[in-house]
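# Structure assessment
Given next are the chains, with one letter for each unit.
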Amino acid sequence: MRKYEYKPPRIHSGELRTLVHFYKDMPSEGPMPGGSQEKLLYKAWAKIDQVWLRDMEMAKANGTLSDITVILRDPGSDFSPTNQHYLSIDAPNFHGIKYNVKAAQPDLQNKSFINVIAEVAR
């Protein structure tokens, strides 16, 4: 019989080192068509995971090579990311890139975090 050993959660607060901003497009005010304004909805510290090397071939086949996973603390009722939102990452490698939120789900390993899957906005 295997001995039970405590395994700590895979992620902890010390790994949340990157600032992430969540936005929503709002229609511009006025009679002129076109254009939209960004409305900042929420910002939080997060951990950014890109496609792993072992999953690289599968990501190429699925067309999900540019997808990222953002792991952040569960904001509770303050904010709930949906596919109508997009995010930007405050890091030099991600400067000027916007990501559309594809899905948000609770982290099954640790209930105090959520996983947000996003793809590059085209």
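Thresholds applied
Residues numbered from 1 in each chain as written. Predicted model: local features only at pLDDT ≥ 70, side-chain atom pairs only at ≥ 80, totals over all residues. Heavy atoms only, no water. Pairing = 2+ DSSP bridges. Helix = DSSP H or I, 4+ residues; strand = E, 2+ residues; numbered from the N terminus. Core = buried A, V, L, I, M, F, W, Y, C linked by side-chain atoms within 4.5 Å. Buried < 20%, exposed > 50% of the residue type's maximum accessible area, 1.4 Å probe, protein only. Contact = heavy atoms within 4.5 Å. Salt bridge = Lys/Arg side-chain N within 4 Å of Asp/Glu carboxyl O.

By the bridge criterion, six bridges tie strand β3 (residues 68–73) to strand β6 (residues 113–120) in an arrangement that is antiparallel. The partner of Arg73 across the bridge, within β6, is Phe113. The pairing of strand β5 (residues 98–106) with β6 spans seven bridges and is antiparallel. From the neighbouring strand, Pro106 faces β6, where its bridge partner is Ile114.

To continue, consider the nonpolar core. In terms of nonpolar packing, the biggest core is built from 18 residues, with Phe22, Ile68, Val70, Leu72, Leu87, Ile89 and Val116 touching the most fellow members. For this core, the elements supplying multiple residues, two or more each, are β1 (18–27), β2 (36–49), β3, β4 (86–90), β5 and β6. If near-sequence neighbours (up to four positions away) are discounted, Val70 is found in contact with Val20, Ala46, Lys47, Ile48, Leu87, Ile114, Asn115 and Val116.

What follows covers the pattern of salt bridges. For the coordinates displayed, the defined rule picks out three salt bridges. Note that Asp67 and Lys102 form a salt bridge whose closest N and O atoms lie 2.8 Å from each other. With Asp67 in the loop between α1 (56–62) and β3 and Lys102 in strand β5, this residue pair connects regions lying 35 residues apart in the sequence. By relative accessible area, which is 11% here, Asp67 ends up buried.

Right, let's get into the environment of Asn83. Within the secondary structure layout, Asn83 lies in the loop between β3 and β4. The sequence separation of Asn83 and Phe22 amounts to 61 residues, and the corresponding C-alpha distance is 11 Å. Contacts of Asn83, omitting those with residues within four sequence positions, involve Val101 and Lys102.

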